[in-house]
Amino acid sequence: MTETWESLFKEQALEEKHSDEYIVQCLEYAGKLHERNMPVIFDFLHLASYLKCLAKQLQGIVANVESHYQEYDIKKKSGGKRRIEAPDYLLKNVQRWIYVNILCRDKSLQNCVHGFVPVLTENDRARGILTNAMPHSGHDWIINLDLKNFFHAVTLDMVKDYFDSLGYEEEVTKTLTALCTLKSRLPQGAPTSPMLSNLIAAKMDKAMLEYCKERGITYTRYADDLTFSANLDVEMPPLKELYAIVFKHGFIVNRQKTKVRGRGYKKEVTGLTVTDGVHVPKKYRKEVWRELYFCKRFGVYEHYHNMGTDKGLYKDWLRGRIMFIRQIDPACGNKMLEQFNELNWLV
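Starting afresh in each chain, residues are numbered from 1 along the sequence in its written order. Residue-level local features of this predicted model are given only where pLDDT is at least 70; pairs of side-chain atoms are given and counted only at 80 or more, and the full residue set underlies all totals for whole chains, interfaces and linings. The basis for the side-chain values is all heavy atoms of the structure; hydrogens and waters are excluded.

*Asks:* How should I be thinking about the overall build of the protein in this particular structure?
*Replies:* The helix and strand inventory of the protein stands at 16 helices and eight strands. Its C-alpha atoms give the protein principal-axis dimensions of about 80 × 60 × 45 Å. The contact definition used throughout considers only heavy atoms, calling two residues in contact when any of these lie within 4.5 Å. In the protein, of all internal contacts separated by at least 6 residues, the share reaching a separation of at least 24 is 66%. For the area figures, the Shrake-Rupley method with a 1.4 Å probe applies, and any residue is considered shielded solely by the protein chains shown. For the protein, the accessible area works out to roughly 19800 Å², and carbon and sulfur atoms hold 51% of it. A helix here means a DSSP run of H or I that spans at least four residues, while a strand means a run of E at least two residues long, and both kinds are numbered starting from the N terminus.

Dropping the structure here:
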């Protein structure tokens with residue numbers, strides 16, 4: 001007779017003289033988690049053993065989570081500052097375990113989601129700004145919505161409801177929630193926050209897909225960027241109806257960033273133009289060509305010296321831009337990379 005996890009658990013539980021009722025309850029609890037491919041965690045002590053830390057150590061983290069974060073600001077590309085709340089080494093390792101062993105096992109993400117989606121197997125499709133933009137290419141009209149404070153909009157109660165929905169008991173749910181939240185919401189800087197925000201927004205995505213499917217509209221989401229598009233034979237939906245779906249699921253639209261573009265206007269999705277095919281914006285490409293031209297004409301050293309930056313930082317910055325273009329437009333990116341490699345970086 002082949003041994004199963006159920007038979008092994010029952011055998012050990014009987015040796016420890018647990019009641020039949022207790023064994024049945026445990027097996028039912030574990031069975032529901034197994035069905036969802038989730039690790040079976042019976043209680044706080046069991047979770048601590050998974051995390052390979054002492055129960056007292058884990059209790060200390062949960063009781064004083066804020067002391068395990070360092071906060072600092074970084075500049076946004078669009079201007080202003082973004083507050084980063086970075087967990088320390090101990091808490092980050094705990095969050096990574098939760099990310100890999102719980103969040104990445106949840107298969108409830110819709111295909112319309114393209115940001116922060118892990119590639120875990122050979123069958124998983126890599127998703128990013130390119131796959132997010134492609135479905136909207138060449139459409140006659142497009143609507144871009146931006147969600148306000150995406151991570152911070154995900155509250156402690158929303159996170160707790162999520163872990164509850166997986167089937168975990170109350171003590172485990174409260175502990176997981178405490179380890180993934182800061183100041184009663186998701187912190188921007190924790191490795192669990194991007195995936196948790198995606199999973200919690202899954203209900204909104206489902207509602208949006210149902211709404212759009214009925215009307216023949218294409219919908220995708222990359223983190224806090226929502227995009228809707230179609231051709232002229234499809235009526236553009238009222239913004240108030242899209243806003244209402246977002247609000248119903250606990251998020252808020254940053255209305256100042258809403259963009260509506262019709263036929264004849266330049267259309268962008270997550271920084272890429274989709275008016276006629278998917279491309280890196282012309283302005284971006286021209287800036288890189290200009291940098292390569294100055295480096296070739298005046299010499300790398302003279303150019304970056306005049307810019308007042310470090311050579312190593314400048315080289316990485318320029319290569320990064322070229323590789324980004326190469327990812328979207330290989331032909332253009334390869335030409336740039338060829339010129340980049342011909343430059344004299346040794347002086």
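*Asks:* Is there a simple way to explain the pattern of salt bridges in this structure?
*Replies:* It is possible for side chains bearing opposite charge to pair when their charged atoms get close. For salt bridges, the criterion is a side-chain nitrogen of Lys or Arg within 4 Å of an Asp or Glu carboxyl oxygen. Considering all chains together, one arrives at 14 salt bridges under this definition. Between Glu 71 and Arg 83 there is a salt bridge, with the nearest N and O atoms lying 3.3 Å from each other. With Glu 71 in strand β1 (residues 69-75) and Arg 83 in strand β2 (residues 81-87), this pair connects stretches of sequence that are 12 residues apart. For Glu 268, the salt bridge identified is with Lys 266, shortest N-O distance 3.2 Å. Exposure categories follow from relative accessible area, calculated using a 1.4 Å probe and restricted to protein chains: below 20% of the type maximum is buried, above 50% is exposed, and the middle band is partly exposed. We classify Lys 266 as exposed; its relative accessible area is 51%. Members of the salt-bridge network, linked through shared partners, are Glu 71, Asp 73, Arg 83 and Lys 183.

*Asks:* In this structure, what is going on with the packing of helix α13 (residues 282-298) against helix α16 (residues 330-342)? I would like to understand it.
*Replies:* Each pair of packed helices gets described by two things: the angle between the helix axes and the distance between those axes. To get an axis, a line is fitted to the C-alpha atoms, and for a helix only the part in contact is used. The angle between two axes follows their N-to-C directions and goes from 0 to 180 degrees. Packing of α13 against α16 brings their axes to within 10 Å, and their N-to-C directions diverge by 20 degrees. Classified by the angle between their axes, α13 and α16 sit roughly parallel to one another. The crossing of α13 and α16 is left-handed. In this structure, α13 uses Arg 285, Val 288, Trp 289 and Leu 292 to contact α16, whose residues at the interface are Cys 332, Lys 335, Met 336, Gln 339 and Phe 340. For the contact of α13 with α16, a count of residues per class yields six nonpolar, one polar and two charged. To sort the angles, those under 35 degrees are grouped as roughly parallel, those over 145 as roughly antiparallel, those from 65 to 115 as roughly perpendicular, and the leftovers as oblique. Here a crossing is called left-handed whenever its near helix is offset anticlockwise from the far helix by less than a right angle, and right-handed whenever the offset is clockwise. Each residue is assigned to one class: nonpolar for Ala, Val, Leu, Ile, Met, Phe, Trp, Tyr, Cys and Pro, charged for Asp, Glu, Lys and Arg, and polar for all the others, Gly among them.

*Asks:* Could you clarify how one ought to interpret the layout of surface pockets in this entry?
*Replies:* Rolled over the atoms, a probe with the dimensions of a water molecule shows which regions are left empty. Estimates place the volume of the second largest pocket at around 340 Å³. When contributions to the lining of the second largest pocket are tallied by element, the ones reaching two or more residues are α8 (156-166), α10 (193-200) and α11 (202-215). Looking at which element gives the most residues to the lining of the second largest pocket, the answer is α8, with four residues. Of the residues contributing to the lining of the second largest pocket, the split by class is five nonpolar, three polar and five charged. For cavity detection a 1 Å grid was placed over the protein atoms alone, and a set of points counts as a cavity when a 1.4 Å probe fits there but cannot get out; an open set counts as a pocket when protein lies on both sides within 12 Å along at least five of seven lines, with lining residues being those that have an atom within 4 Å of a point. Grid points are joined across faces, edges and corners, and a volume is the space filled by probe spheres set on the points.

*Asks:* Looking at this structure, I do not really get α8. What am I missing?
*Replies:* In an α-helix there are 3.6 residues to a turn, and that puts residues three or four apart on one side. Among the residues making up α8, those that are buried are Met 158, Val 159, Lys 160, Tyr 162, Phe 163 and Leu 166. Contact partners of the buried residues in α8: α2 (20-35), α5 (89-101), α7 (150-153), α9 (170-180) and α10.

*Asks:* What's the story with the packing of aromatic side chains in this structure? I'm lost.
*Replies:* Each aromatic ring pair is summarised here by two numbers: the centre-to-centre distance and the angle between the ring planes. Any two of the Phe, Tyr and Trp rings considered here, Trp counted by its six-membered ring, make a pair once their centres fall within 6.5 Å; the pair's planes then place it as stacked at under 30 degrees, edge-to-face at over 60, or tilted in between. Applying the stated criterion across every chain, the model contains 14 aromatic pairs. Centroid distance Phe 150 to Phe 251: 5.6 Å. Interplanar angle 35 degrees. Geometry classified as tilted. With a gap of 101 residues between them, Phe 150 in helix α7 and Phe 251 in the loop between α12 (239-248) and β6 (259-261) connect regions that are remote in the sequence. Under the relative-accessibility criterion, Phe 150 is labelled buried at 5%. An aromatic cluster is present here, built from Tyr 314, Trp 317, Phe 340 and Trp 345 joined pairwise through their rings. Criterion for a charge above a ring: Arg CZ or Lys NZ at most 6 Å from the ring centre, at most 35 degrees from the ring normal. When the ring centre of Tyr 211 is taken as origin, the NZ or CZ atom of Arg 215, which lies over that ring, is 3.6 Å away.

*Asks:* Would you take a moment to explain the side chain of Lys 160 for this structure?
*Replies:* In this fold, Lys 160 is placed in helix α8. Given the relative accessible area of 18%, Lys 160 is considered buried. Once residues within four sequence positions are removed from consideration, Lys 160 is found in contact with Glu 170, Thr 173, Lys 174 and Thr 177.

*Asks:* Explain the sheet that holds strand β3 (residues 141-146) to me, please; I cannot follow it from the model alone.
*Replies:* Paired through their backbone hydrogen bonds, the strands of a sheet run either parallel or antiparallel. Read from one edge of the open sheet, four strands run β4-β5-β3-β6, paired in antiparallel fashion. Where the open sheet ends on each side, the last strands, each with one partner, are β4 (218-222) and β6. On average, each strand axis in the sheet is tilted by 10 degrees relative to the strand beside it, whichever way the strands run. Strands qualify as paired when DSSP identifies two bridges or more between them. Bridge count for β4 against strand β5 (residues 225-230) is five bridges, and the pairing is antiparallel.

*Asks:* I keep staring at the pairing of β5 and nothing clicks. Help me out?
*Replies:* The two faces of a sheet get side chains in turn, since along a regular strand they alternate between them. By the criterion of burial, β5 is predominantly enclosed, with five of the six residues buried. Note: β3 against β5, six bridges, orientation antiparallel. When the sheet's bridge partners are listed, Trp 141 is paired in β5 with Ala 230. Counting the residues in the hairpin turn of β4 and β5 gives two residues, including Ala 223, whose phi is positive at 55 degrees.

*Asks:* Sorry if this is basic, but what is going on with the environment of Thr 177 here?
*Replies:* If you trace the backbone, Thr 177 turns up in helix α9. With relative accessibility at 2%, the residue Thr 177 sits in the buried group. Discounting residues that sit within four places of it in the chain, Thr 177 has contacts with Leu 156, Val 159, Lys 160 and Phe 163.

*Asks:* Explanation requested: the nonpolar core in the structure shown.
*Replies:* What tends to happen in soluble globular proteins is that the nonpolar side chains get buried as a cluster. Ranked by size, the top nonpolar core spans 68 residues in total, and within it Ile 98, Ile 102, Phe 163, Tyr 168, Phe 228 and Phe 251 carry the most contacts. Definition used in this section: a nonpolar core is a set of buried Ala, Val, Leu, Ile, Met, Phe, Trp, Tyr and Cys residues joined via side-chain atoms within 4.5 Å. Counting 24 residues, the second largest nonpolar core, distinct from the first, contains Val 269, Leu 272, Val 300 and Met 336.

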